[in-house]
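The chain contents come next:
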Amino acid sequence: MTTTSEPFTPSSDLARPSVADAVVGADSSSLFIRKPNPDDGWGIYELVKSCPPLDVNSAYAYLLLATQFRDSCAVATNEEGEIVGFVSGYVKSNAPDTYFLWQVAVGEKARGTGLARRLVEAVMSRPEMVEVHHLETTITPDNQASWGLFRRLAGRWQAPLNSREYFSTDQLGGEHDPENLVRIGPFQTDRI
């Protein structure tokens, strides 16, 4: 059996500006946006737990996102390497021009910085997304922060935003608010 050894870069080193996709904020409180890695799974899980009303998935699910879906996800870290923001999603296999955004989480330390928008735009600006011209997500009717984010994105990208009910309360087990499917697009990815 042959094994290959890929170089491993610890999370603390990945937070450095030379590795980050983007740097947000002033020098005194910079945030670094990058692709997640296996060391980030638990930090992502802890971040999402601290961001109600987001649904918390298992630590294993976040570890899978940080590895198997890393090209379509992003984390934001502070200078100490602490994860303060996260976005997850994937390009739909049955609609390769559509990115489905699963979750956006911004921790208390990074709120008010425009980080949620920057996380989404960092992912959408990657070369892997050049053929993507639509973004979909689901939002509960009362999640005003998410509605505001996606309305701002549609405005910035000069693209229409449409929504409709997608999952009913009954489909979600009777204890969850309904989820509306929100679709932005078409837009030009190269203009993001």
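Every chain is numbered on its own, with residues counted from 1 as its sequence reads. For a predicted model such as this one, the threshold for reporting local features is a pLDDT of at least 70, and the threshold for listing and counting side-chain atom pairs is 80 or more; totals across whole chains, interfaces and linings nevertheless cover every residue. As a convention, hydrogens and water are excluded, and side-chain values are obtained from all of the structure's heavy atoms.

Participant: Looking at this structure, how should I read the overall build of the protein?
Facilitator: Strands here mean DSSP runs of E at least two residues long; helices mean DSSP runs of H or I at least four residues long; both are numbered from the N terminus. When helices and strands are tallied, the protein shows 5 helices and 8 strands. Its helices and strands in sequence order give the protein the pattern α-β-β-α-α-β-β-β-α-β-α-β-β, from N to C terminus. Here the term buried applies to any residue with accessible area under 20% of the maximum for its type, exposed to any over 50%, and partly exposed to those in between, with areas from a 1.4 Å probe on protein chains only. Within the span of the protein, comprising 192 residues, buried residues form 45% of the whole. Across the protein, the fraction of contacts at a sequence separation of at least 24, relative to all contacts at a separation of at least 6, is 59%. Throughout, a residue-residue contact means that at least one pair of heavy atoms, one from each residue, lies within 4.5 Å.

Participant: Looking at this structure, I do not really get unusual backbone geometry. What am I missing?
Facilitator: What you tend to see is this: most non-glycine residues have negative phi, and most peptide bonds are trans. A cis amide bond links proline 52 with the next residue in sequence, proline 53, at an omega value of 15°. Take proline 53: it is sitting in the loop between helix H2 (41–49) and helix H3 (59–68). Cis geometry is found at the peptide bond from glycine 185 to proline 186, where omega equals 5°. Looking at the element boundaries, proline 186 is found in the segment after strand S8 (179–184). Non-glycine residue glutamine 158 carries a positive phi angle of around 50°. With respect to the secondary-structure elements, glutamine 158 resides in the loop between helix H5 (144–156) and strand S7 (161–167). The exposure class assigned to glutamine 158 is exposed, which follows from its relative accessible area of 71%.

Participant: What is the right way to look at the packing of H2 against H3 in this model?
Facilitator: For any two helices packed against each other, the geometry is given by the interaxial angle and the distance between the axes. Look at H2 against H3: their axes get within 8 Å of each other, and the N-to-C directions meet at 125°. Classified by the angle between their axes, H2 and H3 sit oblique to one another. Classified by chirality, the crossing of H3 by H2 is right-handed. Taken together, the residues of H3 that come into contact with H2 (itself represented by Gly41, Trp42, Ile44, Tyr45 and Val48) are Ala59, Tyr62, Leu63 and Ala66. To define axes, lines are fitted to C-alpha atoms, for helices over the stretch in contact only, and angles between the resulting N-to-C directions are given on a 0 to 180 degree scale. In this scheme, roughly parallel covers angles under 35 degrees and roughly antiparallel covers those over 145, while 65 to 115 is roughly perpendicular and the rest are oblique. Take the far helix as the reference: if the near one is turned anticlockwise from it by less than a right angle, the crossing is left-handed, and if turned clockwise, right-handed.

Participant: Even after reading the chapter, I still don't get the confidence of the model for the protein, so can you show me in this structure?
Facilitator: The predicted coordinates of low-pLDDT regions are not to be read in fine detail. Residue-level confidence of the predictor is what pLDDT reports, using numbers from 0 through 100. For the protein, the average pLDDT comes to 88, and 85% of its residues sit at 70 or higher. Counting contacts from residues 7–12, a segment whose pLDDT is below 50, to residues more than four positions away or on other chains yields 7 contacts. Note that pLDDT drops below 50 for residues 14–18; the model gives that stretch 13 contacts with residues more than four away or on any other chain.

Participant: Could you clarify how one ought to interpret the packing of aromatic side chains in this entry?
Facilitator: Two measures describe an aromatic ring pair: the distance that separates the ring centres and the angle between the ring planes. A pair of aromatic rings is counted whenever rings of Phe, Tyr or Trp (Trp by its six-membered ring) have centres within 6.5 Å, and the orientation is called stacked for planes under 30 degrees apart, edge-to-face for over 60 and tilted otherwise. Throughout the structure, instances matching the rule amount to 6 aromatic pairs. Relative to phenylalanine 86, the ring of tyrosine 62 has its centre 6.0 Å away and its plane inclined at 80°; by these criteria the two rings are edge-to-face. One end of the pair, tyrosine 62, is in helix H3; the other, phenylalanine 86, is in strand S4 (residues 83–92), and 24 residues separate them in sequence. When sorted by exposure, tyrosine 62 lands in the same class as phenylalanine 86, which is buried. Where tyrosine 166 meets phenylalanine 167, the ring centres are 4.4 Å apart and the plane angle is 55°; that geometry is what we call tilted.

Participant: Where do I start with the pattern of salt bridges in this structure?
Facilitator: Opposite charge on two side chains permits pairing when their charged atoms draw close. Each reported salt bridge corresponds to a side-chain nitrogen of Lys or Arg within 4 Å of a carboxyl oxygen of Asp or Glu. Counted under the stated rule, the structure contains 9 salt bridges. The partner of glutamate 46 in a salt bridge is lysine 49, and the shortest N-O contact between them spans 3.5 Å. Taken together, the positions of glutamate 46 and lysine 49, both in helix H2 and 3 residues apart, correspond to about one turn of that helix. Exposure remark for glutamate 46: the relative accessible area of 31% places this residue in the partly exposed category. Judged by relative accessible area, which is 42%, lysine 49 ranks as partly exposed. The salt bridge partner of glutamate 121 is arginine 156, with a shortest N-O separation of 2.9 Å. Here arginine 156 lies in helix H5 and glutamate 121 lies in helix H4 (residues 115–124), a separation of 35 residues in the sequence. Note on arginine 156: relative accessible area 49%, which makes it partly exposed.

Participant: Looking at this model, I keep getting lost on the nonpolar core. Mind explaining?
Facilitator: Taken as a class, soluble globular proteins show a tendency for nonpolar side chains to be buried jointly. For our purposes a nonpolar core is just a set of buried Ala, Val, Leu, Ile, Met, Phe, Trp, Tyr and Cys residues, chained together by side-chain atoms within 4.5 Å. In this structure, Val87, Tyr99, Leu115, Val120, Leu135, Trp157 and Ile184 are the most contacted members of the largest nonpolar core, which totals 32 residues. Elements that contribute at least two residues to this core include exactly strand S2 (31–34), strand S3 (74–77), S4, strand S5 (95–106), H4, strand S6 (134–139), H5 and S8. Top contributing element to this core by residue count: H4, with 7 residues. If we skip the residues at most four places from it in the chain, tryptophan 157 touches Val120, Glu121, Met124, Leu135, Ile184, Phe187 and Ile192. By size, the runner-up hydrophobic cluster in this structure holds 13 residues, among which are Ala66, Cys73, Val75 and Ile83.

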